[in-house]
Every structure is written in C-alpha cells, then in structure tokens.
Amino acid sequence: MDVRMGFFLHFSSVKTEEQIAAEQAWYGSEKVWLVHKDGFSLATVVKTEAGSLPEGKVKIKLEHDGTVLDVDEDDVEKANPPSFDRCEDLAALLYLNESSVMHSLRQRYGGNLIHTHAGPNMVIVNPISAPSMYSEKVMHMFKGCRREDTAPHIYAVAQSAYRNLLTTRQDQSIVLLGKSGSGKTTNCQHLVQYLVSIAGSTGKIFTAEKWQAVYTILEAFGNSATSMNNNASRFSQIVSLDFDQAGQVASASIQTMLLEKLRVVKRPETESTFNVFYYMMAGADSTLRTELHFNHFAENSAFGIVPQSKPEDKQKASQQFTKLQAAMKVLGISSDEQKALWLILGAIYHLGAAGATKAEADEAGRKQFARHEWAQKAAYLLGCTLEELSSAIFKHQPKGTLQRSTSFRQGPDDAGTGDNSGPKITALECLEAMAAGLYSELFTLVISLVNRALKSSQHSLCSLLIVDTPGFQNPKLAKRERGATFEELCHNYAQERLQTLFHERTFVQELERYKEENIELALDDIESSTSLSVAAIDQASSQALVRTLARTDEARGLLWLMEEEALQPGGSEETLLERLFSYYSPADGESKGPALLLKSDKPHHFLLGHSHGTDWVEYDAGGWLSHAKQNPASQNAAILLQDSQKKNISSLFMGRSGGATVLSGSIAGLEGGSQLALRRATSMRKTFTTGVAAVKKKSLCIQVKLQVDALMDTVRRSRVHFVHCLLPKAETLSADVKVPGGESCDTGLMQLDVCLLRAQLRGSKLLDALRIYRQGYPDHLVFSEFRRRFDVLTPHLTKKHGRNYIVTDEKRAVEELLESLELEKSSYHMGLSRVFFRAGVLAKLEENRDIQTRRNLTLFQAACRGYLARQAFKKRKIQDLAIRCIQKNIKKNRGVKGWPWWKLFTTVRPLIEVQLTEEQIRGKDEEIQLLKSKLEKVEKERNELRLNSDRLESKITELSSELADERNTGESASQLLESETSERLRLEKDMKDLQAKFDAMKKQTESMEMEVMEARLIRASELNGEMDDDDTGGEWRLKYERAIREIEFTKKRLQQEFDDKLEVEQQNKRQLERKLTDLQADNEEVQRVAQQLKKKCQRLTAELQDTKLHLEGQQSRNHDLEKKQRKFDSEQTQAQEEVQREKSQREKLSREKDMLTGEVFSLRQQLEDKDLEICAVNLKLEQMEAELQDLNSQESKDEASLAKIKKQLRDLEAKVKDQEEELDEQAGTIQMLEQAKLRLEMEMERLRQTHSKEIESKEDEVEEIRQSCSKKLKQMEVQLEEEYEDKQKVLREKRDMEAKLMSAQDQVSHRDVEAEKRLRKDLKRTKALLADAQIMLDHLKNNAPSKREIAQLKNQLEESEFTCAAAVKARKSMEVEIEDLHVQMDDISKSKQALEEQLSRLQREKNDLQSRMEEDQEDMNELMKKHKAAVAQSSQNLAQISDLQAQLEEAMKEKQDVQEKLTALQSQLEFQEQSMVDKSLVSRQEAKIRELETKLEFEKTQVKRLESLVARLKENLEKLTEERDQRSASENREKEQNKRLLRQIRDIKEEMAELAKKEAEASRKKHELEMDIESLEAANQSLQADLKLAFKRIGDLQAAIEDEMESDDNEDLINSEGASDTDSEVEDRVDGVKSWLSKNKGSAKNLSDDGSLKSSSPPSSRRRFCLDRSDEEEEEEKEEGSTSRSTYRSRYKRSSYLNDSDGETTA
C-alpha cells in the first residue's frame, strides 16, 4: 500500500526538467509496440525514403537488441510515453490499444498494484500471494471519498456503489466477472467486509466476525478443489445487504443457485468432493466419530470419498473443522442442529461405502446394496430402517409428493419418471441420485440457517447486491486432456449471461440513450454480444408449451434438446449432437467465421466458443442425458429426511416443508423477514411461474436456464457496477513461469502470461468499452437535477432571477448555466431531456461544487458565530445588571434584617401556605402517575399495533406472492391448453389431407387393377381366338408384335436421349463446380483482404480517435489557459481601473477644494452685499409705513370707486369665460375636421395602393401573355425555318437526281439495251403518273369549288391529327398518374398499417400504465390511511404532550414557589435556631424539603423522557410525510406519462384520418382519370377509323393510276422534256400532291407503329391548339416536337427522288 501511495504521489506531483526532457525525447522518436505470437516488444520506427519499402510495410528497430526488421503495418501499435506505464485509469492512456493496456497492467502488477480503473469498471489481476492492502486502516482511507479522489481499489468500487445508493436511493449491484481462480470470491468477501465495517449497523448486529463465519461455512459446504483452483466455488450466490434510511445495514440474506450437487458422487479425475467431508473425517472428536461410525473407514467408496493421506493435509482439515464449528456457534446454530448436519453427511459417506449391485441369485435382477453393513449404518444415521432406505432408493413406486398424475403439468416433465420411458435406471444411478438429493437438501438447510442468523425485522429502504458465480472453466487451460462436464457448461453459461449483461449495459443501452436524445456519435461498429453461444445453450422454440414428442426442424438450444432426447424412446447423445450441429454448426461449404459451435474429432465431443469466440471449450457429452431424467430417488430424499425418527433431523426439515415453494431444489435462501427480501423472493418466483417456466420448472435441464433468468432479472432491476477479475497465468500454483514476450521485465516484477491476458481482454471487450467511454458522454443528468445541483456555482444567476423564480424552460436554464460556467463546447452535449458530459467533466464540476459549498458553509458558520457572540454579549450585560440588582437587594436586606416586624413577617407568611402547597403537590403527583400509566398503556398498544401491522404486511406479501403464483400457473395452464388445441387442430387437418390422398391413391390403384384385368381378359380372348381362327389370330399377332417393337424402339430412343441429357448435365455440373470453386477461392481471398482492410481501418480509426481525444484534451487545456488569461486580464483591468479611479478621485478632491475656497470668498462678498441690502430695505420699510398711514386716511374716500371697479372686474371675467367656451367649441370642430381629413387621406392612400397593385398585377399578366406569345412566335419561326431548310434539302436532292438522270441519258449509248429499256419504262411510268395527276388536278379543279375548301380540309385533317396525338399523350400522362397514384396508395396503406401497429402498441402500453397507476393508487390509498392514522395518533400524542408540558410548566412554577418557600423556611429556621425554637419543627421542615427535592428530580426525569418521546414521534411523522411525498411524486409521473401517451394516440388517430381522406381523394381522382381515358380511347378509335378509310381511298387511287400507266406503256413521251411553263406548273402541283400523300402515309405509319401522330401543322392551326393548353404541355410538346421533326426528316429523305416540296401548294 505504501508503494502504491508513493506512486500516486509521484504521478500527482509536478514534473521535473528531466522528466520533461525525457517526454520530449519520447515524442521526437516514434515508439511503437511490435505485436507477435508471444506478446509484444518495444521498438522505434526507422524513417525511410518514399518507395523504398513495399506498400503496407514499415521498418522498425527493436529496443532490447537493436534488430532492424521490416514488418506489416497491422503488427505495429503506437506506444505511450513512460509516464503512462502505471496509469491508474486505462481510459486516460494517450493511445488506447491492446499492447499499451497489457503493458500498463503488467507494470502495475509488477509493482504490486493489482487494481486498475477501466473507465467506469474495475480490473483486478489476481495476485499469487495476497498483499497486505485490505486492512481496516485502508478501509477508513476510502470512507466517504469520491471515486475520482481515490486510488483504484476494490474498496473504491464498494464506496462508489454505497455512495450512489445513499444519493439516489436506488438499488445497486456489483457483478464479478472472470475465469475460475481469478479471485472473484475473495473480492466478494472484501466488498462485504468493507460495507459492513464502514456503513455499520444498528446495535452492531452485523459484524465482520459474523460475516467471516458466514464465508467459513459457505467455503466448507460449497467449495472444492478443481484443476484450476484449489478452493473453487461450486455454486452461484447473491449476497444482499439491505440498508435503512440512515445508510446502516438493516438486514442481509444470501441466495444460492446452480449448486453442483453431483460432485458428491462423481467428479473428474484429480478433483475432490466438497471440503466439509474432509474436514469432518479429519477433525471429528472421539464422541462424534462414535456417533457417526467413523472409527474405521471403508477401503473404497462408490462415491470416491476417502480420507486424506498426507499428515499435513489432515492437520489443516482438522483445524478447518474446528474453525467451522466455531463459525456455526457464532451464527447461533445450536449443537443439535450441527449434529443433524453431521449425521446427514455421515450417512452420505456410508451410502458411498455401501455401494449398489444387482444380485445374481435373483432372476429378476433385483437392485440392492453391495455391502449391507454400511447401508445399515447409513439408515441408522438417517433415523430410518434399512428396508425404508432401500425402498426409497431402489423401489420407484410413487408416493407422497411424487404422485403428480392429477396435475395438469404431468407431461414431458414427468414422463421420464416412469419405467417405460428410455433405458432402465441402474442401481448405482439410484444410489447416486439419493446421495445428491440428500446433499442438496442439506445445503439448502445450511443456507436457511445462515439467513436466519442474518435476518432482521428493521425497516429497510434499498439494497446492495453482490453477485459471485463460478468462473469460466476450460480443462485445456489447466493442461487436462478430458472434456468439460455438464456442470462446467452450466457455470460457463451463467458467466456468458453476465457478459451479455455487461455488453447490454455498456454498449446497447448507451447507444439507445444517445439515439433517444438525438446525439450523433461517430463510433466504430460495435460487435454483437455473446448471444450466439448463449442461444446454442438455451434458445427455446415457439412450440415450447406444446406437449409433443415429435422432433421439429425449429432451432432449439442444448438444454431443450437434452430434455427432448431424454423423453424420446431412442434418444441418445449421438442424436443430440447431430441435432445441435444441424441447428448451429456451419455447413461444409459455408464460412466458419460467425459460427461458435464446431465438431470435434473425438466421439461425443463438441467445441463451443465462449467470450466472443476467444475461449473455445471442448465438452464431453457422454452421459449428459442422465442429467435430464427425473430420478425418483432424489425426490425421495426430502421425504426420507422429513420422516426421520431422529427429532433433530425431522424437526429441521418438517419446518422447511411447510414453506416449500416452486423453487425448492433450485434456488436456496429465499427466506427473509424484510420487505426487500420478500420482494426479491416474489420476483424470483415470477421467473419460475410465468410462461414456459410454469410448464418446464420441474425439468432438470430447463431449471438451469430458469435459475440464471432469476439471477439476471434480480440484477437488472438495479444499477450495475462491473469488476473484471483477470487470471495472471494458467499455472497459478507453480512458482516458476516463463515470461512470454520479447521484452524483459524489471527484476522483482510479478510475471504475467501475455497471451492469456490478451485472450481475457478480447473476451471481455474491455477495449471497446473504454473506447465508447472515451468517445461518448458517459456522465449524464436530467436538466432539473443538474440545475438544482450546480446552481450554487453561479450565484449571480440566482441574484439575477431571485430565489422565488419559477423555471419554465429547463433546457434554456441549463444552457444559461453552462454558458456562465464557461465550459468548452466539446465537453458536453445537450439532449432532449438531459445534459451529457465527457468523462471527468462532471467530477470536476462536483469538485468545484464542493469548494463553493465549503466556502458558503464557512460564511454561514461565521455569521452564526457572530450572532452567537452578540447574543452572549447581550446575556453578559443582562447578567451584569442582575448582579447589580441582587447586590442592591442584599444591601437593603441587611438594613432591615434586625427589624422586628420584618422578622415577624418572614416567620408567619410561610406557615400560612405550607398546608396548601402540600395538597397541591400531592394532587399533581397523582395526576402525573395517571398520565404516566396512560402513556405506558398507549406505548404498549402502539407497539402491539406495529407488530400486528408488520405481521399482517408479511402475510399480505406472502398471500400476494402465492396468488401471483396461482395466477401465473393458471395462465400457463391456459397457454398450454391453447397450444395443445392448436396442435390438435393442425394434426386433424393433416390427417384429413392424408386421408384424402389415401382415398385418391386407392381409387387410382383400383382403376389400374381394372385395366390390368381387362388387358388379361383381352389377352386370353386373343389366345382363344387364335385357336379358333388362324387368319384373325395372325393379324392380331402381327399387330401385337409391331406394337412391342415400337415400344422397344421408343424405350431405346428415350434411353438414348436420357443418356445424352445426363451427359450434358454432368458436363454443366462439372463446369459449375469449377466455377463455384473459383468463386469460393475468390470470395475467400476477398474476405481475407476485406478482413485485413477492416483491421487496418479499425486500427487507423482507433488512432484517429486517440488523436482526436488528445486534440480535445489540448483544446480543453487551451480553454482553461484562456480562462485563466481572461481572469488575469480582468483582474489587471480592475486594478488599473481602481488606480485610475483613485487618481480621478484625488483630482476631484483637489478641484472641490479649490471650488470651496472660491465659494468661501464669494460668500463673504455676498454677506457684505446682504448687509448693504438690509440697510436699504429698512429705509424702504420706513417709507412704506408712512405711505400706509396716508392710505388709511384716504380709505373712506375710495370705497365707492372700489365697488364700481369690482363690478367691472366681474363683467370682464364673465366675458372672458364666454370667449373661452367659444374657443373650446371651435377647437373641437377644428379637431373633428382634421380627423375627417386624415381619414380621407388614409382612404385615398389605401385606394391608391390597391389601384397601383391592380395595375401592377395587370401589367404582370400582360407581360406574361406577351412573353408566352413571344415564346409561341419564336417556336413557330423555328418551325418555319426548319421546314424551309427541309424544302431546300429536297430541292437540292431533286436537282441531284435530275443531274443523275441527265448523266444516265448521256451514258445510254454506253449501256446495254436492257438498261435502256428499263430507263425508258421508268420514264414512261413517270410521264403517265404526271399525266394522270394533271387529269386528276383538272378533275379536282372542275369538281372542287375552290382552293379554300381544300385548305380547310387540310387544316381539319391536321387538327384531327393533333387532337388524336394530344389524346394519346393525355392517355400516357393519365397512365403515369395512375401508376403514381397506385404507388401512393401502397405507401399510404403501409404507413396506415405501421400506424395501426404503433397505435396498438401504445394502447397496450397505456393499459399497462393504467394498471400500474391503479396499483400505485391502491398503495397510495393504503399509505394515506396509514399516514392519517399515524397523524391522528401523533396529534393525540402531541395534545397529550402539550397537556403534560402545561402541567410541567405549572409544576415548574410551583417548584419556584416551593424554592421561595424553602428560602423562607431556611430563614425561619435560622430565626428559630436563634430564638431557641423546638427542634422537631425544624426536622419536619427538613424532611419536607428533601421530599420536594426528590419530587423535583423525578419531574426532571419525566420531562426528559417526554422530550425523547416527542423527538421520536416527530421522526416517525417526518418519515411518513417523506413516503407520502414520494408516492405522490411517482403518481404524478405516471399521470404525466399517461397524458403523453394519450396525446400520441390522438395524434396518430388524426394522421390516420388524414391518410384516409387522402386515400379517398386519390381513389376519386383515379376514377375520374379512368373515365377520361375511356372517352379519349373512344375518340381515338373513331379518328383511327376515319384515317383508315382515307388511306384506303388513297390506296385505291394509286392502284388505279398504276393500271392506267401500264396500259399506256408503248406511248412515246420522251419529247415532252422541253415542255412549256404549264407543264412545269402541273409537275409542281403533282409533286405537291405526292408529298402530301407521302406525309399522310408517314403519319399513318407513325399511328400504326407508335400509337401517336407526329406531323407539322401550319402556324394558324397550331396557334389555335396551343392557346388551349397549359405551359407544361407546351414544354412537353417542344420535346416531342423535336423527335417528330427528326423522324419526319428521316422519312422524307427515304422517300422517292420524285417527291418535291409543297411550299407553293400550301401557300
């Protein structure tokens, strides 16, 4: 410990210059770890030139030997500076990787520092020798400290959990994880000792000595020596410590499960049975040996229990037995109870010595004991006869509680108890089952006796649980060649479940919390938990409730498969493993990456990967099915013990049989008197009585899963603290172990197995937990709690808002608080309901809060001390005044002391009131006695009521638990019935289908038999016909032979075809197999490369995150430095301001001094001036007095003139008033006119604005129309230009063709005759066409009214084409819209279903919350009733107390009177002594005085007792009020949650209504569009019919033209080349007609091919059509117009060279 504290002080001290220089040198040279198979070595990266090394390689130089190597980048990890070698928290490492973590652990382990923080968790490397760091002095060092203030230690974990329990009032639990032999049980003992010694208990009920006794007993009865640990726990335990309101231990209990009871009878080689057998055989005294018949031991035993041979082992075992007996005595286990335990253990030993065999004389093969004398000893020890013992073991008749045929659970669980299911049970198996059952009952009894010593009836508030389970077992780790057993599988399964809990709490819940609070965190892909290996053991099927013996293909775990195979008639370990491999093992062609179950080369062996595949354990499944079979002998063990003739045995087990529960034989230690113990027992019972558990709880295999489920449910209800115990090396018992790794450790370091340590770190996922702890926000608080807790750090905000300020927005208040705290932005994150902090930030805030709180408390103490000092001073002043008054009175008394009248007065007055005072005192004494008796009676009644209420509450909890069990049993029965009904219906349906198939097959066979009979009859008739008629028979024979030859030929042909196809298929198969192998090889290569890239990416990401965290640390340091700089600057500016202020004040004072001197001078001058003015005023006064006398003389003369003047004055005042009123009226009218004018101006302005807006809107519309018209004109101009270009192209083509024709005519002479004829024929045909066209034109001219009608017809035709094209286009758009609507409808239906599911889920949650609220309301009502009763009782007690206080005050007054009388009596006594009065009166007065003094002392004691009673009642009242407040707060929270759910449901309903409206509107639009499409299709069909008719007429006309041309073939029309202008005009017209016809043909082709018409229209018709469409259609038409023009050009170019443009015709 001194070494650890030295290092702690070393790291906390300031760095020296040498350390700083060493760190700078470290950062200058890039140090790395080279990872290899033996460990890791320190190296330096050698800088090389670019391109000198292959990609992915790096050159390093090893530190220990200087070797230079080229290694892969993946084998190199960054190293930390030397200052981090013994870092106390692995999360504080600069670079977080496996090598750095293992190096820190190894350095700390070498320095005897076995404890290390790993973020919120603790890592403990088990030392070989127990260091002296667990003393009581060390315990007190951690008492009351925070986690951040202490060094890493197991006591720090206990202190952190205890501190959280006191602050949050929430249950805590500490879970120990690790391999077997890693020190979990030892650390569990240290945790309990720390909590008991630090927290303490009322009356010191729970002492360290008592807990040491508990662990001594548990170690004796539950531990044994294994291949990995000399003292391994063979059971799982939960140590529960219940704490009261004051934080003291109120009660405790221990629950055990997964006891390895078969270790009593059989175990692996080189391993021993439980320790208590060896202790008892070695340490029993002579009396006990005689009682147990241990005077001599058997030579061999069927159970392998033999005494130890080594003397030192015997001596140790004897000492342990003495220690065990002392421990039982400490726990209050009586000698009779101990004797009962030794008797049962002795009986188990004698049963093993008796053995079992099958008698040879009996033909029936009766089962019996091999050695009856040893069996007789066992029967005697158990308190029964040999026949009863033999029948209980070997005879399987069901009796007592074994008969369960009437229970609805009788099914697959109990079917194994009969003799007809599976192979028969041997005699040895029956004997082993009896011994295992006896030890199981014994162990359960021991746990109940321990809990009896630990239980208490005190009220408890919350609990702290410590979970200790056997560690991971792997025989290969201990160099054992055997396979692991079923018991080791169960313990490994429990550890896997705890690892899954660690993964869930560390990764899953944190990420879910971040997601709920909308916190985006860039984390690596977190690997899945150990659910695959757990599922391979305990995965249940969906038909788990169905009682069927059929094997299904649904995947199930090993425990369920064992139960099924044990019930199957042909079930064996081979079929069990085959089914297990078919479910969980990878196929031959699949990759074995994610699979965690593999086959083994040995028979009945398989490999299972635990701890994320880092720990592969080979299990031996031989004989595992016997674990799943019910053996009646094990169940008869409890009955045998209850019916024992020995009272000490039967009394113990009869008492337990009354309280037997569904967990008997599974979980021990559910007894307890406290409410928390009853709650835990109820929750564990629910695990065994709900769902599948209610049906399968009697199954031996499924009990394993249910026990672990109960453990996990208990732990999940609390806040969990994890402790990872690591095994330093595999050979823990050997002294000399080779150090793996290339680097040599310091001398004296304890050495580690690096490979084993790496496997444990990877299996526990500690590095991933550290990364999420470093990168995330592990500390978080609700807004209100954070503001309430840290509001003390910002007193200026409190002053700003005031103390009575009500916070409306908690988030805004917290943001303001954080801004005032000046925290860095990256160190915290605001969620939706809470604020999140980086690691260490909250601890820093807590430290600042403690400092501020200490400062505030110091100020408060100073104020209190000042107030007390002032009060003491006032008291001293009053005392001084009183002393002076007393002295004065004493002086007066001395003056009148000798006065006779005063002596007479003092003598007579006390005698008058003596009798009256005695009667009053007697009456008060009687009243006090009455009140005392009443108070005692009330207290007695209250205690009785409290005991009755506790008893009734315990009964209510027991009844409620039993009711819950029955309710769950009923639910499971109903589920079982429903599942059986569904299974029966399914089987009936299958039977009907099979019956129908059978009937069909039967009919088919009957028809085939009839055909065969007919064929036979025909053959027989043919044979008869041959005999009768040779001619007819020959013909039939020929037909028959021909048919046979045809059939054979057909067979051969089919066989040949089949062989050819088979050969082709085989070739294809071989090709596919080759391709498949190539693809698999490529896939494996790609996976290998991807794995490498993934590792590289993870490594780079980790380094990037480390660098990012380092950068954030530097930024936080810079932020702190900036804060300090700002603080220094502010202080400097304040100092400068103070200096400037002092200077300004000095200048101001000097200026004021000068001003004051000037003012004094001016005041003196003003005083002189005033003196002169006073003289002048005096002169004026004399003059005015003279004038006044003159006026008095003239007063009588001026009275008449004065009255006249007054009248004129009144008239003038009236006129002024009238004028003022007129002016007011005029001002009012003027104001009204101004208001009207203002209203008119405002109205005019408004009208002007509306007019200007209308004008602007009109101008905008005109501008839009102008723009659209300009766009349309531009489009038409572009179309005309394109048509003109097309016309010019056609003209050029025509000229080219004419030139070719002329050249062809020039070359006629050079051609042959046939070519010339062909050309002449073409020329004649052309001329005929021209002539016919001219005739047709003339005919049209004669018959047609005018060209205008032709143009109109053309326009109508083009408009019809355009309308048809628009209709087709609209149809397409409608189809697209319909498809979109269908997609929208599908999306709406999906969202509707999702909302309905969410609504149903919310409804279920609402119902659950309502039920919980109702239960809470009932509890609240009961508490309110209790509270009211307690308040009424307390009010009565308070009234009584007030009466007593009043009486006490009266008694005090009387006391004062008595004291005064006493003084008077004393004075009278002195007077009588002086006056020689009779002594008898004096003695009587002295007796009265003594009696009064005793009464006063009695009253003082009574007052003290009443005051203690008042304090106790006040404490009870405060507790009740706190419970009421808590209940009301929980009820308010439930109500708020219910309101929120109601709001969510209402919102979802509104969304569903809106979706329904949208769906209806979409369906309506769809219907309208379908109607429009139908109408457009009808119009399109009519137009197509018209076009077809027109094309038909055109075709007829062309045919007629060709016929006429052929008839005039011999005419000579060559000379018509030089025709006149009329001929050229006719030709132009004919070309125009042909081009028009070709256009119509092209449009017809487009209509037939594409379903749409594309043609160019004249500007007038197109303009008319465009005005009726929207802008979107115009844009679409632009796009389609370009495509139509391109198709038009291509078709125009492909037309004949005779076709010319129709520009003149259209014009």
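A brief report on the enclosed structure follows. The shown structure was predicted, so the numbers you read here are calculated from the model rather than taken from an experiment. (Residues numbered from 1 in each chain as written. Predicted model: local features only at pLDDT ≥ 70, side-chain atom pairs only at ≥ 80, totals over all residues. Heavy atoms only, no water.)

### Concerning the overall build of the protein chain
Counting its secondary structure elements, the protein chain contains 40 helices and 23 strands. Within the protein chain, the proportion of its 1707 residues that are buried is 36%. Counting contacts in the protein chain only where the partners sit at least 6 residues apart, residues at least 24 apart contribute 73% of the total. Carbon together with sulfur atoms contributes 53% to the accessible area of the protein chain, which is approximately 103000 Å² in total. (Helix = DSSP H or I, 4+ residues; strand = E, 2+ residues; numbered from the N terminus. Buried < 20%, exposed > 50% of the residue type's maximum accessible area, 1.4 Å probe, protein only. Contact = heavy atoms within 4.5 Å. Areas by Shrake-Rupley, 256 points an atom, 1.4 Å probe, with all protein chains shown as cover.)

### Things to note about empty space enclosed by the protein
According to the stated counting rule, one finds 11 cavities of 30 Å³ or more in the structure shown. For the largest cavity, the calculated volume is near 180 Å³. Only helix H31 (900-1028), helix H35 (1347-1474) and helix H36 (1479-1607) provide two or more residues apiece to the lining of the largest cavity. Broken down by class, the residue content of the lining of the largest cavity amounts to eight nonpolar, two polar and four charged. Size it by volume and the second largest cavity reaches roughly 120 Å³. Residue lining of the second largest cavity: Ile921, Lys924, Asp925, Ala1451, Glu1454, Lys1455, Val1458, Leu1492, Lys1495, Leu1496 and Glu1499, and that is the complete set. Counted by class, the lining of the second largest cavity contains five nonpolar, no polar and six charged residues. (1 Å grid on protein atoms, 1.4 Å probe; cavity = no way out; pocket = protein on both sides within 12 Å on 5 of 7 lines; lining within 4 Å. Points joined across faces, edges and corners; volume = space filled by probe spheres on them. Nonpolar A, V, L, I, M, F, W, Y, C, P; charged D, E, K, R; others polar.)

### Overview of a positive patch on the surface
On the surface, a cluster of positive charge is contributed by Lys1539, Arg1540, Arg1543 and Arg1546. Secondary-structure assignment places arginine 1543 in helix H36. (Patch = residues over 30% accessible without salt bridge, like charges linked within 9 Å, V, L, I, M, F, W, Y side chains within 5 Å. Salt bridge = Lys/Arg side-chain N within 4 Å of Asp/Glu carboxyl O. Lys, Arg positive; Asp, Glu negative; His and termini not counted. Charge placed at Lys NZ, Arg CZ, Asp CG, Glu CD.)

### So, the pairing of strand S6 (residues 115-118)
With burial as the criterion, each face of S6 is covered, one bearing His115 and His117 and the other bearing Thr116 and Ala118. Relative to strand S7 (residues 121-125), S6 runs antiparallel, the two sharing four bridges. By the bridge assignment, histidine 115 is partnered in S7 with isoleucine 124. Where S6 hands over to S7, the hairpin turn is made up of two residues, of which glycine 119 adopts a positive phi near 70°. (Pairing = 2+ DSSP bridges.)

### Quick word on the pattern of salt bridges
On inspection of all chains with the given rule, the structure shows 35 salt bridges. Here glutamate 564 makes a salt bridge to arginine 579, at a shortest N to O gap of 2.9 Å. One end of the pair, glutamate 564, is in helix H17 (residues 558-567); the other, arginine 579, is in helix H18 (residues 573-584), and 15 residues separate them in sequence. Of the charged contacts, one joins arginine 986 and aspartate 990 as a salt bridge, the two residues approaching to 3.5 Å between their closest N and O atoms.

### A few points about the pairing of strand S2 (residues 39-45)
Most of S2 is tucked away: seven of the seven residues are buried. As paired elements, strand S1 (residues 31-36) and S2 share six bridges and run antiparallel to each other. Bridge pairing links valine 32 to alanine 43 in S2. Counted between consecutive antiparallel strands, the loop separating S1 from S2 contains two residues. One ladder, built from three bridges, connects S2 with strand S3 (residues 57-62); its direction is antiparallel.

### Quick notes on the packing of aromatic side chains
Evaluated as defined, the whole model comprises 24 aromatic pairs. Here the aromatic rings of phenylalanine 274 and tyrosine 439 are separated by 4.8 Å at their centres, their planes lie at 10°, and the arrangement is stacked. One end of the pair, phenylalanine 274, is in the loop between strand S12 (249-257) and helix H8 (275-283); the other, tyrosine 439, is in helix H14 (residues 427-454), and 165 residues separate them in sequence. A single burial state applies to phenylalanine 274 and to tyrosine 439, both of which are buried. In this structure an aromatic cluster arises from ring pairing among Tyr134, Phe142, Tyr155 and Tyr194. The lysine or arginine in question, lysine 646, covers the ring of tyrosine 380, its NZ or CZ lying 4.3 Å from the ring centre. Sitting over the ring of tyrosine 777, arginine 838 keeps its end group 4.5 Å from the ring centre. (Phe/Tyr/Trp six-rings, centres within 6.5 Å; stacked < 30°, edge-to-face > 60°. Lys NZ or Arg CZ within 6 Å of the ring centre and 35° of its normal.)

### Details of helix H11 (residues 335-354)
Look at H11: 28 Å from first C-alpha to last across 20 residues, which is about the 28 Å you get at 1.5 Å a residue. Here H11 lies mainly inside the structure; 17 of its 20 residues are buried. Glycine 355 sits one or two residues past H11 and shows a positive phi near 70°. (Expected span 1.5 Å × (residues − 1).)

### Describing the sheet that holds strand S21 (residues 779-782)
The strand order S21-S23-S22 describes an open sheet built from three strands, whose pairing is antiparallel. Each of the sheet's edge strands pairs with one partner strand only, and the pair in question is S21 and strand S22 (828-830). Across the sheet, the mean angle separating the axes of adjacent strands is 20° when strand polarity is ignored. Relative to strand S23 (residues 834-837), S22 is paired through three bridges, and the arrangement is antiparallel. Across the sheet, histidine 829 pairs through a bridge with phenylalanine 836, a residue of S23. (Axes fitted to C-alpha atoms, helices over the stretch in contact; angles between N-to-C directions.)

### Details of H8
Along H8, eight of the nine residues are buried, which leaves the element largely enclosed by surrounding structure. Where the residues of H8 are buried, they touch helix H7 (208-222), strand S9 (223-224), helix H9 (286-292), helix H10 (311-330), H11 and H14.

### Looking at the nonpolar core
The biggest cluster of nonpolar side chains holds 146 residues, and the ones touching the most others in it are Trp211, Phe221 and Trp342. Looking at which element gives the most residues to this core, the answer is H14, with 17 residues. Of all hydrophobic cores here, the second largest spans 55 residues; its members include Leu465, Leu577, Ala621 and Ala628. (Core = buried A, V, L, I, M, F, W, Y, C linked by side-chain atoms within 4.5 Å.)

### As for a nonpolar patch on the surface
Taken together, Val896, Trp899, Trp901, Trp902, Leu904, Phe905, Val908 and Ile912 make up a surface patch of nonpolar side chains, about 850 Å² in accessible area. As for its placement among the helices and strands, tryptophan 902 is situated in helix H31.

### Here's the deal with a negative patch on the surface
Judged by side-chain charge, Asp1218, Glu1220, Glu1221, Glu1222, Asp1224 and Glu1225 come together as a negatively charged surface patch. Glutamate 1220 gets classed as partly exposed once you look at its relative accessible area, which sits at 46%.

### Details of the packing of H11 against helix H12 (residues 372-382)
For the pair H11 and H12, interaxial distance at closest approach is 8 Å and the crossing angle is 160°. Relative to H12, H11 is oriented roughly antiparallel. Crossing angle aside, the handedness with which H11 passes H12 is left-handed. Between H11 and H12, the residues in contact are Leu343, Gly346, Ala347, His350, Leu351, Ala353 and Ala354 and Trp374, Ala375, Lys377, Ala378, Leu381 and Leu382, respectively. For the contact of H11 with H12, the residue count by class is 10 nonpolar, two polar and one charged. (Parallel < 35°, antiparallel > 145°, perpendicular 65-115°, else oblique. Left-handed = near helix turned anticlockwise from the far one by under 90°.)

Scope: geometric values only; no functional claims are made or implied.
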